[in-house]
Amino acid sequence: MKIKVVALLIGAAVGALAEPASYTLDTTHSSANFSVRHLMVSNVKGNFQVTGGSAIWDPKNLAVSKLEAIIDVTTVDTRDPKRDAHLKSPDFFDAAKFPQIKFESTKFTQKGEGLEIAGNLTIRGVTKPVVLKVDGPTPAVKDPWGNMRIGAAAVTKVNRKDFGVNWNSNLDGGGVVVGDDVNIALEVEMVQKK
């Protein structure tokens, strides 16, 4: 009888470990970074604050895994206050009308050592499919406060005009002030829900 009870308890513990884990994004240790061609000669880099999000992660059953991230457009920072104000204006992100950028996953796929997350990216009220190429998630670690954490990095490239971010100006010698392709790099840290 005791052996059966122990076996049931072990089975329940293993089953619990196999269940998907739910996470909340740690906004103080997460960021959304971007770079875009400037004047056809260099890349301007900037970042936004990630202000919310959640994830469900099950490496043994990717079909149940999910990711959602929310970015605050008003936090855009390119180290130039005048340029940041222009990026918040209707010429670019129109932050007063569209204060958030949002990503919602639709599918997780294992790709060799890496992971791809397909999903919908919404900028300026326009939603388009994108694919994130992910490094991670890392193995879970326990922080000094007893929380379990995982982290991941992801990259993708989008054409800003697909989202209605169309402003530009022609240069005298040919070319334009702002490139169309935007490279996006995400760094996220997540805390497991208890």
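Residues numbered from 1 in each chain as written. Predicted model: local features only at pLDDT ≥ 70, side-chain atom pairs only at ≥ 80, totals over all residues. Heavy atoms only, no water.

Focus on unusual backbone geometry
And then number 1: Cis geometry is found at the peptide bond from Gly136 to Pro137, where omega equals -5°.
And then number 2: Counting through the fold element by element, Pro137 comes out in the loop between strand 7 (126-135) and strand 8 (141-142).
And then number 3: Even without glycine at this site, Arg79 takes up a positive phi of about 70°.
And then number 4: Secondary-structure assignment places Arg79 in the loop between strand 4 (66-77) and helix 2 (81-88).
And then number 5: One non-glycine residue, Asp94, adopts positive backbone phi at about 50°.
And then number 6: Along the chain, Asp94 turns up in the loop between helix 2 and strand 5 (100-111).
And then number 7: Asp94 sits in the buried class, given a relative accessible area of 13%. (Helix = DSSP H or I, 4+ residues; strand = E, 2+ residues; numbered from the N terminus. Buried < 20%, exposed > 50% of the residue type's maximum accessible area, 1.4 Å probe, protein only.)

Some words on the pairing of strand 5
And then number 1: Across 5 bridges, strand 4 lies against strand 5 in antiparallel orientation. Bridge assignment links Asp72 to a residue of strand 5, and that residue is Gln100.
And then number 2: Across 9 bridges, the pairing between strand 5 and strand 6 (residues 114-123) is antiparallel. For Gln110, the partnering residue across the bridge sits in strand 6 and is Leu115.
And then number 3: Hairpin connection from strand 5 to strand 6: 2 residues lie between these consecutive antiparallel strands, with Gly112 at a positive phi of about 60°. (Pairing = 2+ DSSP bridges.)

Details of the confidence of the model for the protein chain
Low pLDDT marks stretches whose predicted atomic positions should not be read closely.
And then number 1: The pLDDT averaged across the protein chain works out to 88; a share of 89% of its residues lies at or above 70.
And then number 2: Note on residues 4-17: pLDDT under 50 across the span, and 0 contacts to partners over four residues away in sequence or across chains. (pLDDT = per-residue confidence, 0-100. Contact = heavy atoms within 4.5 Å.)

Re the pattern of salt bridges
And then number 1: Evaluation of the coordinates by the stated rule reveals 5 salt bridges.
And then number 2: Ionic pairing is found between Arg149 and Glu189, a salt bridge with its closest N-O pair at 2.8 Å. One end of the pair, Arg149, is in strand 9 (residues 148-159); the other, Glu189, is in strand 10 (residues 178-192), and 40 residues separate them in sequence.
And then number 3: By relative accessible area, Arg149 is classed as buried at 16%.
And then number 4: On the basis of relative accessibility, which here comes to 25%, the residue Glu189 falls in the partly exposed class.
And then number 5: The partner of Asp180 in a salt bridge is Arg160, with the nearest N and O atoms 3.8 Å apart. (Salt bridge = Lys/Arg side-chain N within 4 Å of Asp/Glu carboxyl O.)

Concerning the environment of Asp26
And then number 1: Its location among the elements puts Asp26 in the loop between strand 1 (21-25) and strand 2 (31-38).
And then number 2: Residue class for Asp26 comes out buried when judged on its relative accessible area of 11%.
And then number 3: Measuring from C-alpha to C-alpha, the distance between Asp26 and Val188 comes to 7.4 Å, with 162 residues separating the pair along the chain.
And then number 4: Ignoring anything within four residues of it in the chain, the contact list for Asp26 reads Arg149, Glu189, Met190 and Val191.
And then number 5: Within the structure, the side chain of Asp26 is placed 2.7 Å from the side chain of Thr28, a separation counted as a polar contact. (Polar contact = N/O pair within 3.5 Å; in protein donor to acceptor, adjacent residues only side chain to side chain.)

Focus: the packing of aromatic side chains
And then number 1: On inspection of all chains with the given rule, the structure shows 4 aromatic pairs.
And then number 2: Here the aromatic rings of Phe34 and Phe48 are separated by 5.4 Å at their centres, their planes lie at 40°, and the arrangement is tilted. With Phe34 in strand 2 and Phe48 in strand 3 (residues 42-57), this pair connects stretches of sequence that are 14 residues apart. We note that Phe34, like Phe48, is buried.
And then number 3: A centroid spacing of 6.2 Å and a plane angle of 40° characterise the contact between Trp57 and Phe108, whose relative ring orientation is tilted. Here the residue Trp57 occupies a position in strand 3, and Phe108 occupies one in strand 5, the gap between them amounting to 51 residues.
And then number 4: When its relative accessible area of 16% is taken as the criterion, Trp57 is described as buried.
And then number 5: With relative accessibility at 9%, the residue Phe108 sits in the buried group.
And then number 6: In textbook terms, an aromatic cluster arises when at least three aromatic residues are bridged by ring pairs, as seen for Phe34, Phe48 and Phe93. (Phe/Tyr/Trp six-rings, centres within 6.5 Å; stacked < 30°, edge-to-face > 60°.)

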